[in-house]
Amino acid sequence: MFYFGVDYYPEQWPEERWPEDARLMAGAGFNVVRLAEFAWARLEPQAGRYDFDWLDRAIAILAGQGMRVVLGTPTASPPPWLMTGQPELFRVREDGRRVTYGNRREYCPNHPLYHDYTRGIVTSMATHYGAHPAVIGWQIDNEFGDRCYCPVCAHAFQQWLRSRYQSLDELNQQWGTMFWSHRYGDWAEIPVPLTTGGSPNPGLALDFYRFVSDSYVAYQQMQIDILRRHCPGHFITHNFMGFKYDRLNYYDLARNLDLVAWDNYQRMQWQMQAEVDPSQGALAADTMRGLKRQNFWVMEQQAGPGGWEIVSVPPRPGELRLWAYQSIAHGADAILFFRWRTARFGTEQYWHGLLDHDGRPSRRYEEIKRMGAEIKRAGGHIYGATVRPAVALLLSYDARFAFQIQQNNPQFYYPDHLHQLYRAFYQRHVPLDVAAPAADLSAYRLVLAPALHLVSETVADNLSRFVQAGGVLVLTSRSGVKDEANAVVNRPLPGLLAELSGVEVDEYVSLAAESRNGLEFLLPELATAHPPEATIWCDVLKPNGATVVARYTRDYYAGKPAITLNQFGQGKVVYIGTLGNGPIYETLAGWLLSLAGVRRLLAAAAGVEVTERWQGERRLLFVLNHGEREQEVTLDSRYVSLLDDAAGTAPVEGTVTVPPRDVLVLERV
Ligand code: GAL
């Protein structure tokens, strides 16, 4: 069943209002609410005294209007009674200072006492609601994150290292602690990488980031175990933060959950830009689908302008619905809007819900109500339909962490690099999967592995198998540079990928912000009037069997190869030796697609997004017009529209018009 609903905070409003809220929710076509993820103070007003009566009453009212309930475990925002007088429960930031009470997410994920309180509240909720007929699932905590550097974590880090390396000799060797005399003679000597310690050993810092990630995974697992025991019929999820969030290894966090849910905001107060880049939402959704390689829920879909101290630019009429359909177009099987009614108080007073502060339905409510009626018709066709791209983009959290430690060049930002590459294909209406480097790649014809910085034997073998079997692999600079301990490999770059790519990096040049180099393409199919420029980084390449695709035109390495193409087994490897900016990938995308034999879904104007989902053999096509102007697209077959009411279900074919900020959801007939 396709779930469509909203995040609701009954504890923030008078009880007399609840029936009206539930009635309006049903009027919008909602069938699910998420509740209670910030209600710890109300659920456990004093240590060990639990109060579920109010929540039972709220659920009864909501269930009376047909809502199903996802409950949040409230551990992201501990109440004052829990934190007061127990300073050691607070997280320590990387500058060594403890956070203080006043926001949320202030706790240390490793503190045994916090674990005790967590077990208390989660067990009571789980036993109370395990058999409740309206409850269908759980969200654990809320948006895990934030590194803690406290003494409890420092000690747990040392234990973690002990089990990873077994011996101090091994650790010292892997980290290269002879450098600056950091040789550790006792596990207890190993510090956490506080900023007061200056630039850390990259091996230590990467392991610490992995350890923090593992700490949250373990803390989550503690809650999963409780819920599994008491609520065997319920699903368990967590609300992830899309592509942007970079402090946790999201593949690990997703592993033992039943499904990934995430929070999708296109307009936040922190980004006051006038225009939204729709490829951002697309990449975020594809990343979330990639974590478990399965469809996802959107637990928080934007419902209005975002705002804490600053109020964001408002979503324009049509955008909330359009963005919600974008989530669906990329694999959402449920959408919940954040939030129901705009809070009158608290930090998020200006984070707008579907209802305004005064409780009146806004234009945003009316827009989503229209969508609710559409979902009633179309949801059953869409639910469970899979996304099956032929192209994958590899996202590595190890690489992400490593580049947080050593950026390599101040203009280089790993997530932006991935986004630029992604955008080049998105604009060509080619869908992508986001996948882990060690994932099974056999379903793909083209794999993009940008700046794959740390490469293990396992990953190298995986990529090699993919190419051997006929796949096309694209590597960019800074790939294969590090081993798993974050030391530079003891072989020519791109390290374990050198043989595969038929090329070696003879020298690399980190460019100043204002510096550029020219590129000249040697392949006729790439001869363009305005070849893109090389920026940020230039690998000077020495082919070792590979063909030169492009060379540099300036500076002391003018004439030296910049991009190469290698035949390996049945497949090919393209090495792009400069990080460049978007234009490079836009220039290369068409060629790469033809090398791999991948075709666009549909020809459409820029600003029109096209995706597909498959319900068995039935093809669903999504056409989203993100622009201000009406657009025409030419369909490749006969389709019926799933969103229109019965009167509009005559098949469509040929050229169809998509109004501005509108969407077509079509099923091939
Ligand atoms: C999300 C969070 C919500 C709310 C929202 C708006 O990231 O999960 O609780 O804070 O952002 O700020």
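**Quick look at the overall build of the chain**
Okay, so step 1: Regarding its fold elements, the chain presents 17 helices and 26 strands.
Okay, so step 2: Its C-alpha radius of gyration of 26 Å places the chain within 12% of the 26 Å reference for a compact globule of 669 residues.
Okay, so step 3: Overall, the chain is about 75 × 75 × 40 Å in size when its C-alpha atoms are taken along their principal axes.
Okay, so step 4: Counting over 669 residues, the chain shows a buried share of 60%.
Okay, so step 5: A fraction of 74% describes how many contacts in the chain between residues 6 or more apart in sequence connect residues 24 or more apart.
Okay, so step 6: Charge separation in the chain, taken as the distance between the mean sites of 64 positive and 74 negative side-chain charges, equals 2 Å.

**Observations concerning the site of the ligand**
Okay, so step 1: Within the structure, the ligand sits among F38, R104, N142, E143, N239, D263, Y265, E300, W308, F338, E348 and W351.
Okay, so step 2: Take E143: an N or O atom from its side chain is 2.5 Å from an oxygen atom of the ligand.
Okay, so step 3: Between an oxygen atom of the ligand and a side-chain N or O atom of W308, the distance comes to 3.2 Å.
Okay, so step 4: Most atoms of the ligand, that is more than half of them, are within 2 Å of grid points of the largest pocket.

**Here's the deal with the packing of aromatic side chains**
The relation between two aromatic rings is expressed through the spacing of the ring centres and the mutual angle of the planes.
Okay, so step 1: Counted under the stated rule, the structure contains 41 aromatic pairs.
Okay, so step 2: Taking 4.6 Å as the distance between ring centres and 35 degrees as the angle between the ring planes, the aromatic pair formed by F179 and W180 counts as tilted. This pair shows no difference in class: F179 is exposed, exactly as W180 is.
Okay, so step 3: Through a chain of ring-to-ring contacts, three or more aromatic side chains come together here, namely W40, Y107, Y114, F144, Y216 and Y219.
Okay, so step 4: We note R147 situated over the ring of Y209; from NZ or CZ to the ring centre the distance is 3.4 Å.
Okay, so step 5: Note that R147 overlies the ring of F401, its terminal NZ or CZ placed 5.5 Å from the centroid.

**Considerations on the domain arrangement of the chain**
Okay, so step 1: Taken domain by domain, the chain holds domain 1 (3–147 + 207–382), domain 2 (391–596) and domain 3 (608–668).
Okay, so step 2: Each side of the interface is counted separately: domain 1 has 27 residues, and domain 2 has 25 residues.
Okay, so step 3: Here domain 1 is connected to domain 2 by 3 salt bridges.
Okay, so step 4: Salt-bridge contacts for D433 lead to R289; the nearest nitrogen and oxygen are separated by 2.6 Å.
Okay, so step 5: Listing elements by their share of the side of domain 1 that touches domain 2, those giving two or more residues are helix 8 (202–230), helix 9 (250–255) and helix 10 (278–292).
Okay, so step 6: Element by element, the count of residues in the side of domain 1 that touches domain 2 is highest for helix 10, at 10 residues.
Okay, so step 7: Split into classes, the residues belonging to the side of domain 1 that touches domain 2 amount to 10 nonpolar, 8 polar and 9 charged.

**Looking at the layout of surface pockets**
Okay, so step 1: Roughly 1,100 Å³ of internal volume is contained in the largest pocket.
Okay, so step 2: The wall of the largest pocket is formed by 41 residues, among which E143, M241, Y245, M268 and W270 lie closest to the centre.
Okay, so step 3: Looking at the lining of the largest pocket, the elements with two or more residues in it are strand 7 (261–264), helix 10 and helix 14 (414–426).
Okay, so step 4: Its residues placed into classes, the lining of the largest pocket shows 17 nonpolar, 10 polar and 14 charged.
Okay, so step 5: Per-domain counts for the lining of the largest pocket show at least three residues from each of domain 1 (3–147 + 207–382) and domain 2 (391–596).
Okay, so step 6: Q12, F38, S77, N103 and R104 are the residues nearest the centre of the second largest pocket, which is lined by 25 residues in total.
Okay, so step 7: Ranked by residues supplied to the lining of the second largest pocket, first place goes to helix 2 (residues 40–43) with 3 residues.
Okay, so step 8: Across the lining of the second largest pocket, the residue classes break down as 13 nonpolar, 6 polar and 6 charged.

**A look at unusual backbone geometry**
Okay, so step 1: In this chain, F338 is followed by R339 through a cis amide linkage whose omega measures -5 degrees.
Okay, so step 2: Secondary-structure assignment places R339 in the loop between strand 9 (332–338) and helix 12 (363–382).
Okay, so step 3: Residue P494 is bonded to the preceding L493 through a cis peptide linkage, with omega at 5 degrees.
Okay, so step 4: Of note, R293 is a non-glycine position whose phi angle comes to about 50 degrees, a positive value.
Okay, so step 5: Here A451, not a glycine, exhibits a phi torsion of approximately 40 degrees, which is positive.
Okay, so step 6: The residue A451 is located in the loop between strand 12 (446–449) and helix 15 (457–468) in this model.
Okay, so step 7: The exposure class assigned to A451 is buried, which follows from its relative accessible area of 0%.

**A closer look at the environment of Q65**
Okay, so step 1: Considering the arrangement of structural elements, one finds Q65 in the loop between helix 3 (53–64) and strand 3 (68–72).
Okay, so step 2: On the basis of relative accessible area, Q65 is assigned to the partly exposed category, the value being 33%.
Okay, so step 3: Sequence separation between Q65 and F30 is 35 residues; the distance between their C-alpha atoms is 9.2 Å.

**Quick look at helix 8**
Okay, so step 1: For helix 8, with 29 residues, the first-to-last C-alpha span of 43 Å sits near the 42 Å given by 1.5 Å per residue.
Okay, so step 2: By the criterion of burial, helix 8 is predominantly enclosed, with 21 of the 29 residues buried.
Okay, so step 3: Two to three positions downstream of the cap, the backbone nitrogen of G203 sits 2.6 Å from a side-chain oxygen, assigning the N-cap of helix 8 to N201.

**Notes on empty space enclosed by the protein**
Okay, so step 1: The final tally for this structure, using the stated rule, is 4 cavities of 30 Å³ or more.
Okay, so step 2: Of the volumes computed, that of the largest cavity is approximately 90 Å³.
Okay, so step 3: Looking at the largest cavity, the residues that line it are D286, H330, Y422, Y426, H429, V430, P431, L432, E609, V610 and T611.
Okay, so step 4: Listed by contribution, the elements that provide at least two residues to the lining of the largest cavity are helix 14 and strand 21 (608–615).
Okay, so step 5: Per-element tally for the lining of the largest cavity: the top contributor is strand 21, with 3 residues.
Okay, so step 6: Its residues assigned to classes, the lining of the largest cavity shows 6 nonpolar, 3 polar and 2 charged.
Okay, so step 7: In this structure, the lining of the largest cavity is formed jointly by two domains, domain 2 (391–596) and domain 3 (608–668), each of which donates at least three residues.
Okay, so step 8: Taken as a whole, the second largest cavity encloses approximately 60 Å³ of empty space.
Okay, so step 9: Lining the second largest cavity we find D286, R289, A329, H330, V387, R388, P389, P431, L432, T611 and E612.
Okay, so step 10: Where the lining of the second largest cavity is concerned, the elements lending two or more residues are helix 10 and strand 21.

**A short note on the pattern of salt bridges**
Okay, so step 1: The full count for this structure, using the stated rule, is 37 salt bridges.
Okay, so step 2: Residue D246 pairs with R247 through a salt bridge whose shortest N-O separation is 3.1 Å.
Okay, so step 3: The buried category is assigned to D246, whose relative accessible area is 11%.
Okay, so step 4: Across the salt bridge formed by R360 and D358, the nearest N and O atoms sit 2.9 Å from each other.
Okay, so step 5: By relative accessible area, which is 43% here, D358 ends up partly exposed.
Okay, so step 6: Several salt bridges converge on common partners, so that one network encompasses D7, R34, E37 and E300.

About the criteria used
- Residues numbered from 1 in each chain as written.
- Predicted model: local features only at pLDDT ≥ 70, side-chain atom pairs only at ≥ 80, totals over all residues.
- Heavy atoms only, no water.
- Helix = DSSP H or I, 4+ residues; strand = E, 2+ residues; numbered from the N terminus.
- Rg over C-alpha atoms; globule rule 2.2 N^0.38 Å.
- Buried < 20%, exposed > 50% of the residue type's maximum accessible area, 1.4 Å probe, protein only.
- Contact = heavy atoms within 4.5 Å.
- Lys, Arg positive; Asp, Glu negative; His and termini not counted.
- Charge placed at Lys NZ, Arg CZ, Asp CG, Glu CD.
- Near = heavy atom within 4 Å.
- Polar contact = N/O pair within 3.5 Å; in protein donor to acceptor, adjacent residues only side chain to side chain.
- 1 Å grid on protein atoms, 1.4 Å probe; cavity = no way out; pocket = protein on both sides within 12 Å on 5 of 7 lines; lining within 4 Å.
- Sits in = over half its atoms within 2 Å of the grid points.
- Phe/Tyr/Trp six-rings, centres within 6.5 Å; stacked < 30°, edge-to-face > 60°.
- Lys NZ or Arg CZ within 6 Å of the ring centre and 35° of its normal.
- Domains from an automatic or database assignment.
- Salt bridge = Lys/Arg side-chain N within 4 Å of Asp/Glu carboxyl O.
- Nonpolar A, V, L, I, M, F, W, Y, C, P; charged D, E, K, R; others polar.
- Points joined across faces, edges and corners; volume = space filled by probe spheres on them.
- Expected span 1.5 Å × (residues − 1).

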